[in-house]
Amino acid sequence: MRKAMTILALLFVAGLGSARAQNDCIDCHRLKTPGIVSDWELSKHSKSGVTCNVCHGTGHNGLQDIDKVRIPTPAVCGECHAQQVAQFTKGKHADAWASSNAMPTAHFQPMALMSGMKGCNGCHKIGLKTEADIKQLKAEGQGYGLASCDACHTRHAFSKKEAQQPQACQTCHTGSDHPQWEMYSGSKHGVRALLRQNGTLHESIAGPTCQDCHMSKGNHEVRTAWGFFGVRLPMPEDAQWAADRTTILQALGVLDPDAQPTERMEVVSEVNIMRMTNDAWQIERDKMSRACAKCHSSKFADGELAKGDDMIRESDHVMANAILEVASLYKDGLIPRPGNYRYPFPDLLTFHNAPTAIETRLYKMFFKHRMRTFMGTFHMNPDYALWNGWSEMVEDYTAIKSMAEEYRLRAKK
Ligand code: HEC
Ligand code: HEC
Ligand code: HEC
Ligand code: HEC
Ligand code: HEC
Ligand code: HEC
Ligand code: HEC
Ligand code: HEC
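The shown structure was predicted, so the numbers you read here are calculated from the model rather than taken from an experiment.

1. Overview of the coordination of the iron atom of ligand 3
In this structure, His93 (NE2) and His173 (NE2) serve as the protein donors to the iron atom of ligand 3, at separations of 2.0 Å. Given six donor atoms and angles of 85 to 180° at the metal, the environment of the iron atom of ligand 3 is assigned as octahedral. With a gap of 80 residues between them, His93 in the loop between helix 7 (82-90) and helix 8 (96-102) and His173 in the loop between helix 12 (167-170) and helix 13 (180-186) connect regions that are remote in the sequence.

Structural data, given as structure tokens:
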């Protein structure tokens, strides 16, 4: 009731005060952009009097003032949906804009893929932007993509039902380094949910969606225990694993040769790339375990989750060996270490812009094949865990060893 009153009050301030503007917007836009108006008419917003001007303001109300329109940010949605905005802001999606733009590789991308929001920022636009980001977007690009909240319930239908489908995540959680859609839709979990969706199976048959596991109870604060990179602190007790993870963190540039944190570690912790404490990790693991326990015994589920952890450990060992192989070529002067690399390690965050074939192979081994190994294990997809993941990593390592050997032979001649 109180919420309804607040909304009414807001509507009065933003909308009813200019009833003419409301009708003007809709009448003119029914001709100019009919698809937008008909989607809006299907939305709950149209039924609740949330008209165009509530989100877009009244600065523009005709052909002469289009540049005065307001492009809404999540703060605008937050005037009525404070809870979702607060949850979203604490979660990992909120960091997406900062994290892609913090990558060294961001500087090598064509502008259309950053400020034009096609490549990296076609997906990472889900993140929150600062005032400075918005200014830059307007200066370099067209200045759209500020909303974040239209990523899963798209404009202008803003449908909860759409956001609850696994396809709502598909556009971004796909492809080379995070094929969650492919892994999930091919797993028994996904197959069940999709057969339910197309009406083959009973509408209430158990088959988890992405949201059941990652947005349980509609919580907009998404985050996982291991995260994208599959690294965390503190170091594990297992001495071999600790050594391997140290090597990987050195190749990510967050630990220096003496295993001390670098400046990049600050950036990494600012955008929450890894869980920095046992507690932070355990909170997420417990949440996940509870989500599984709706359909499985806890014993079954926790055992399955532990297999994902095991595959990270196994992958880290092969990965660390491959990194050390490339590092030894720098050390022996067989390939030049790029001037912008501060430490005697390959820099995995240079992505595909690494200078030689052996270094790009190493990047691929980390970002594509190591990811697929553990992500495939966690998402119950045997084909991704083995053939697209582990098997490829083993091949990468063989190839990297052979390439390194060739450099050494050539140097002897
Ligand atoms: C007399 C016609 C007319 C009226 C009235 C009108 N608009 Fe527009 N609006 C336009 C046209 C034309 C464009 C530009 C469309 C294009 O680029 O193809 C536009 C563009 C927009 C855009 C997109 C701006 C952008 O940068 O892409 C928004 C949002 C918008 N209008 C909202 C509103 C709202 C809200 C109102 C009422 C307060 C309103 N319009 C009233 C004609 C109108
Ligand atoms: C002026 C208040 C107001 C603003 C601003 C607003 N909404 Fe809403 N929104 C509502 C109301 C009212 C409902 C309907 C609630 C209901 O019927 O349960 C609603 C419903 C929704 C729903 C659920 C739809 C469904 O299918 O159940 C979504 C999703 C949503 N809004 C997203 C957004 C987003 C995203 C923004 C910002 C771009 C936004 N809203 C801005 C008032 C607002
Ligand atoms: C518009 C693109 C986009 C959509 C749609 C999207 N995501 Fe994401 N998601 C991202 C990006 C980008 C990140 C990485 C955030 C960062 O860079 O910090 C991410 C991160 C995540 C994470 C955190 C992983 C970690 O590091 O712990 C989870 C979980 C997640 N998304 C689940 C979902 C689910 C579930 C859906 C659908 C309901 C969804 N996402 C829809 C782009 C998207
Ligand atoms: C197809 C959509 C898409 C594109 C294109 C894309 N990303 Fe991402 N990115 C994501 C998603 C989704 C995640 C989260 C994946 C996960 O947690 O498994 C992510 C994660 C990341 C992360 C890790 C963030 C974290 O905190 O864990 C960084 C950094 C990143 N991307 C940078 C980039 C850069 C730089 C580019 C362009 C060279 C790029 N991404 C292109 C969707 C995309
Ligand atoms: C609940 C808030 C909300 C309401 C109500 C709303 N819009 Fe939007 N609109 C958005 C968001 C969010 C975007 C995307 C902004 C961005 O680029 O991040 C947008 C973008 C637009 C655009 C430019 C992008 C495009 O796809 O062309 C136009 C035009 C537009 N809206 C017109 C309208 C009209 C006309 C109405 C009324 C029928 C309306 N909007 C009602 C939230 C809203
Ligand atoms: C990663 C996908 C995703 C993003 C991004 C997202 N939502 Fe949602 N939203 C969902 C899902 C899934 C639901 C349905 C939750 C449920 O089942 O109760 C939902 C539901 C809602 C509802 C309806 C709540 C209800 O119980 O009726 C509102 C309002 C809403 N979201 C607002 C927002 C706002 C505001 C933002 C931006 C801060 C946002 N959402 C961003 C996925 C998303
Ligand atoms: C049955 C539950 C379940 C379903 C369904 C599910 N996930 Fe996951 N997801 C997990 C688990 C478990 C992890 C690993 C958590 C950890 O780090 O301990 C995970 C991890 C992730 C991550 C972090 C990187 C990774 O892959 O390890 C992202 C992003 C993600 N899932 C997105 C999605 C998306 C998008 C979908 C739907 C296409 C989806 N998930 C479906 C359980 C699920
Ligand atoms: C909404 C219900 C639901 C949730 C939540 C769920 N599962 Fe499942 N899971 C199923 C169903 C149904 C199957 C298919 C059983 C079969 O193949 O006979 C399945 C199959 C599996 C399988 C394949 C092995 C087998 O028994 O055939 C594994 C492993 C698994 N789930 C682990 C998990 C884990 C781990 C989680 C949490 C991250 C989880 N599940 C969450 C319903 C669920």
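2. Looking at the packing of helix 18 (residues 278-292) against helix 19 (residues 298-331)
Put simply, helix 18 and helix 19 touch, their axes get as near as 9 Å, and they point 135° apart. Classified by the angle their axes make, helix 18 and helix 19 are oblique. Here the hand of the crossing between helix 18 and helix 19 comes out right-handed. Of helix 19, the residues touching helix 18 (which contributes Trp281, Arg285, Met288, Ser289 and Cys292) are Ala301, Asp302, Leu305 and Asp309. Residues of the contact of helix 18 with helix 19, tallied by class, amount to five nonpolar, one polar and three charged.

3. As for the coordination of the iron atom of ligand 1
Summarising the metal site, the iron atom of ligand 1 is bound by the protein donors His29 (NE2) and His60 (NE2), whose distances to it range over 2.0 Å. Considering all six donor atoms around the iron atom of ligand 1, the spread of angles at the metal, 85 to 179°, places the coordination shape in the octahedral class. Taken together, the residues His29 in helix 2 (residues 19-32) and His60 in the loop between helix 5 (52-56) and helix 6 (74-78) connect sequence positions 31 residues apart. By relative accessible area, His29 is classed as partly exposed at 27%.

Rules and cut-offs
Residues numbered from 1 in each chain as written. Chains lettered and ligands numbered in written order. Predicted model: local features only at pLDDT ≥ 70, side-chain atom pairs only at ≥ 80, totals over all residues. Heavy atoms only, no water. Donors = N, O, S within 2.8 Å, 3.2 Å for Na, K, Ca; no water. Tetrahedral: all angles 85-135°; square planar, octahedral: opposite > 155°, others 65-115°. Helix = DSSP H or I, 4+ residues; strand = E, 2+ residues; numbered from the N terminus. Axes fitted to C-alpha atoms, helices over the stretch in contact; angles between N-to-C directions. Parallel < 35°, antiparallel > 145°, perpendicular 65-115°, else oblique. Left-handed = near helix turned anticlockwise from the far one by under 90°. Contact = heavy atoms within 4.5 Å. Nonpolar A, V, L, I, M, F, W, Y, C, P; charged D, E, K, R; others polar. Buried < 20%, exposed > 50% of the residue type's maximum accessible area, 1.4 Å probe, protein only.

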